[in-house]
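# Summary of structural features
The primary structure of each chain is shown beneath.
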Amino acid sequence: MTSAHPAPLPFFVYGTLRPGGTYHDSHLRDALATVVPARLPDAALHDGPGYPYAVAAPPPAEVLGDLVTVRPADHDALLASLDALEEYAGPGDARNEYERVVREVLTPDGTAVPAWVYLAAPRVADRLRRSGTPIAGGDWLAHAPAPG
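Computed from a predicted structure; not experimentally measured.

Conventions used here
- Counting restarts for each chain, with residues numbered from 1 along the sequence as it is written.
- Per-residue local features are limited, in this predicted model, to residues with pLDDT of at least 70; the limit for side-chain atom pairs, both in listing and counting, is 80 or more; totals at the level of whole chains, interfaces and linings are taken over all residues.
- The basis for every side-chain value is the complete set of heavy atoms in the structure, and neither hydrogens nor water enter the calculation.
- Aromatic pairing here means that ring centres of Phe, Tyr or Trp (its six-membered ring) are within 6.5 Å. Orientation follows from the plane angle: under 30 degrees is stacked, over 60 is edge-to-face, and everything else is tilted.
- Secondary structure is summarised from DSSP: a helix means a run of H or I of at least four residues, a strand means a run of E of at least two, and numbering begins at the N terminus for each.
- For each residue, the accessible area found with a 1.4 Å probe, counting protein chains only, is set against the maximum for its type, and the residue is called buried under 20%, exposed over 50%, and partly exposed in between.
- Helix span, expected: 1.5 Å multiplied by one less than the number of residues in the helix.
- The term bend refers to the angle at a residue between two fitted axes, each drawn through seven residues, those ending there and those starting there.
- Contact criterion: two residues are considered in contact whenever any of their non-hydrogen atoms come within 4.5 Å of each other.
- A carboxyl oxygen of Asp or Glu within 4 Å of a side-chain nitrogen of Lys or Arg is what we treat as a salt bridge.
- What the arc covers is the set of directions going from the helix axis to the C-beta atoms.
- Criterion used throughout: strands pair if DSSP finds at least two bridges between them.
- In this description, a line fitted to the C-alpha atoms serves as the axis of each element, helices being fitted only across the stretch in contact, and the angle between N-to-C directions of two axes falls anywhere from 0 to 180 degrees.

For the structure shown, the criterion picks out four aromatic pairs. Note on Y88 and Y118: the rings are 6.4 Å apart at their centroids and 75 degrees apart in plane angle, and the pair reads as edge-to-face. Of this pair, Y88 sits in the loop between α2 (72–85) and β6 (98–106) while Y118 is found in strand β7 (residues 112–120), placing the two residues 30 residues apart along the sequence. The exposure class assigned to Y118 is buried, which follows from its relative accessible area of 5%. Members of the aromatic cluster, joined through ring pairs, are Y51, Y53 and Y98.

Here it is as structure tokens:
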């Protein structure tokens, strides 16, 4: 489901947008209300290289990341900014690198929370499943070299 929701949804970030990631400060830091560790079930992480892609995968695969809630006044502008960063032109657009979808993510206490997630677009996901480099453990920050 990719339609609008009555209340702004949080974002599940799993790569360069996580705290400590390349794009966190420039895109998220000033808009954040909360950051909670979370995991995305039924997904596997693949190296881009240089940035990750989450790809739908059967259990027990999961991706580790953060559930970020932004201030309501910043939500729409941030959504547009992240769509541009993630090369998302709209549902099912052939140019998409990622698809923005609503998926349930799990907080540390097991609570399921609906959130916006950028998953690899179908053509990208197919390529990654065939010949991509999976990231063991599903944690980009544990995998990626430290910046600098």
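On to α2, then. A rise of 1.5 Å per residue sets the reference length of α2, with its 14 residues, at 20 Å; its end C-alpha atoms lie 20 Å apart and thus fit the reference within 8%. Residue L78 marks the point of greatest curvature in α2, where the axis turns by about 30 degrees. Of the residues making up α2, those classed as buried are H75, L78, L79, L82 and D83. Packing partners of the buried residues in α2 comprise β1 (11–13), α1 (24–27), β5 (62–70), β6 and β7.

Our next topic: the environment of A142. Locating A142 in the fold gives a position in helix α4 (residues 140–143). In the structure, A142 is positioned 20 residues away from P122 in sequence and 26 Å away in space, judged by C-alpha atoms.

Here we take up the pattern of salt bridges. Summed over the entire model, instances satisfying the criterion amount to eight salt bridges. Notably, a salt bridge pairs D74 with R71, separated by 2.6 Å at the nearest N-O pair. Assessed through its relative accessible area of 39%, R71 is described here as partly exposed. E97 is paired through a salt bridge with R123; the nearest N and O atoms lie 3.0 Å apart. Here E97 is found in the loop between α2 and β6, whereas its partner R123 is found in helix α3 (residues 122–131), with 26 residues between them in sequence.

Turning to α3, a few remarks are in order. Those residues of α3 not exposed but buried are V124, A125 and L128. One side of α3 carries all its buried residues, which in axial view fall inside an arc of 100 degrees. Across α3 from its buried face, at more than 90 degrees, point the exposed residues P122, R130 and S131. Elements in contact with the buried residues of α3: β3 (43–47), β4 (52–56) and β7.

The next subject is the side chain of H75. Structurally, H75 can be placed in helix α2. H75 sits in the buried class, given a relative accessible area of 6%. Leave out the neighbours within four places in its chain, and H75 touches P8, L9, F11, V70 and W116.

Quick look at the pairing of β6 now. Counting buried positions along β6 gives eight out of nine residues, so the element sits mostly inside the fold. The sheet contact formed by β6 and β7 spans nine bridges and is antiparallel. Counted as the bridge partner of V101 is V117 from β7.

So, on to the sheet that holds β3. A sheet is described by the order of its strands in space; here three strands give the open sequence β4-β3-β8, paired in antiparallel fashion. Unpaired on one side and paired on the other, β4 and β8 (133–134) mark the two borders of the sheet. Inspection of the sheet shows β3 paired to β4 by five bridges, in the antiparallel sense. Looking at β4, one finds that A44 is bridged to V55. Lying on the sheet, α3 is in contact with β3, β4 and β8; it crosses β4 at an angle near 95 degrees.

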